[in-house]
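Letter by letter, the chains look like this.
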Amino acid sequence: MPQAAMNRYDFTGVVEWSRIPGWFDLPKAIAVQQVVKQCPPGSNLVELGSFQGRSSVAIASVLPPESILFCVDHFEGSEEHRTMQLDLSNLFQSFQKNIAAFGVQDRIRVLRMSTVEAAGQFATGSVDLILLDAAHDYESVKTDLEHWYPKLKPGGALFCDDYEPAWPGVQRAVEAVGLKGEVVARALFFHRKPAAQS
């Protein structure tokens, strides 16, 4: 691939990136990157559900200066991973290997715990962007939204992946908590938290 084409996506190489196992495709990566680049220096970004680091690399590759991506995952796999009969024995090691291969490990802080546990480590209104892509059942997604939405700054960005009929729990949870937004790439829901009133 020509160097100019690679630079459009801010990756070391799109082909190499696409070899990281996962379901986060290039249109989703580009959509998220466009918003990440708008975050101010010193931003806190949170990814709920990192799997083997495919989306993590996409985000960390374009972080503003002095910003950190917090990757929240227990790295034990989820129920849907088990039904796919995936090998979940080395998820954390694979994640570490992949973020190191793209040179973004210094921009990432790993919180190896549940999403609810991790929410307790962030103050209200302290996060600039959240990508929610952990468990996909209704109760889990609703719980994540209830715990994490207050952490988002006014004007902050929220992405919910797998917002599609194949994962009805995601759509139902977003609707249940009353979030309005749009689908900006296949099955990627985007919401901008209203700015604080002055």
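### A word on the sheet that holds strand E6 (residues 182–185)
Across a sheet, paired strands are connected by hydrogen bonds in the backbone, their directions being either parallel or antiparallel. Strand order in the open sheet made by the seven strands is E3-E2-E1-E4-E5-E7-E6, with mixed pairing throughout. The open sheet terminates on both sides in strands that have one partner only, identified here as strand E3 (108–111) and E6. Within the sheet, the average angular offset between the axes of one strand and its neighbour, ignoring direction, is 25°. In this structure, strand E1 (residues 44–48) lies alongside strand E4 (residues 127–132), joined through four bridges in parallel fashion. Among the inter-strand pairings, Val-46 is bridged to a residue of E4, identified as Ile-130. On top of the sheet, helix H8 (residues 138–148) reaches E1, E4 and strand E5 (152–161); it is set at about 175° to E4, its chief contact.

### Overview of the packing of aromatic side chains
Inspection of every chain in the model, using the stated rule, returns seven aromatic pairs. Plain terms: the ring middles of Phe-75 and Phe-95 are 5.0 Å apart, the flat faces sit at 50° to each other, and that makes the pair tilted. One end of the pair, Phe-75, is in the loop between strand E2 (68–72) and helix H5 (79–83); the other, Phe-95, is in helix H6 (residues 91–101), and 20 residues separate them in sequence. A relative accessible area of 0% means that Phe-95 is categorised as buried. Grouped by ring-pair contacts, the aromatic residues Phe-70, Phe-122 and Trp-148 constitute a single cluster. In this structure, Arg-54 is placed above the aromatic ring of Trp-17, and the distance from its NZ or CZ to the ring centre is 4.7 Å. Positioned above the aromatic ring of Tyr-149, the side-chain terminus of Lys-193 is 4.7 Å from the ring centre.

### Some words on unusual backbone geometry
A positive phi angle is found at Phe-51, which is not glycine, with a value near 50°. Its relative accessible area of 13% is what places Phe-51 among the buried residues. Residue Ala-187 is not a glycine yet carries a positive backbone phi of 65°. Examined against the element boundaries, Ala-187 turns out to sit in the loop between E6 and strand E7 (188–192).

Calculation criteria
Residues numbered from 1 in each chain as written. Predicted model: local features only at pLDDT ≥ 70, side-chain atom pairs only at ≥ 80, totals over all residues. Heavy atoms only, no water. Pairing = 2+ DSSP bridges. Helix = DSSP H or I, 4+ residues; strand = E, 2+ residues; numbered from the N terminus. Axes fitted to C-alpha atoms, helices over the stretch in contact; angles between N-to-C directions. Contact = heavy atoms within 4.5 Å. Phe/Tyr/Trp six-rings, centres within 6.5 Å; stacked < 30°, edge-to-face > 60°. Buried < 20%, exposed > 50% of the residue type's maximum accessible area, 1.4 Å probe, protein only. Lys NZ or Arg CZ within 6 Å of the ring centre and 35° of its normal.

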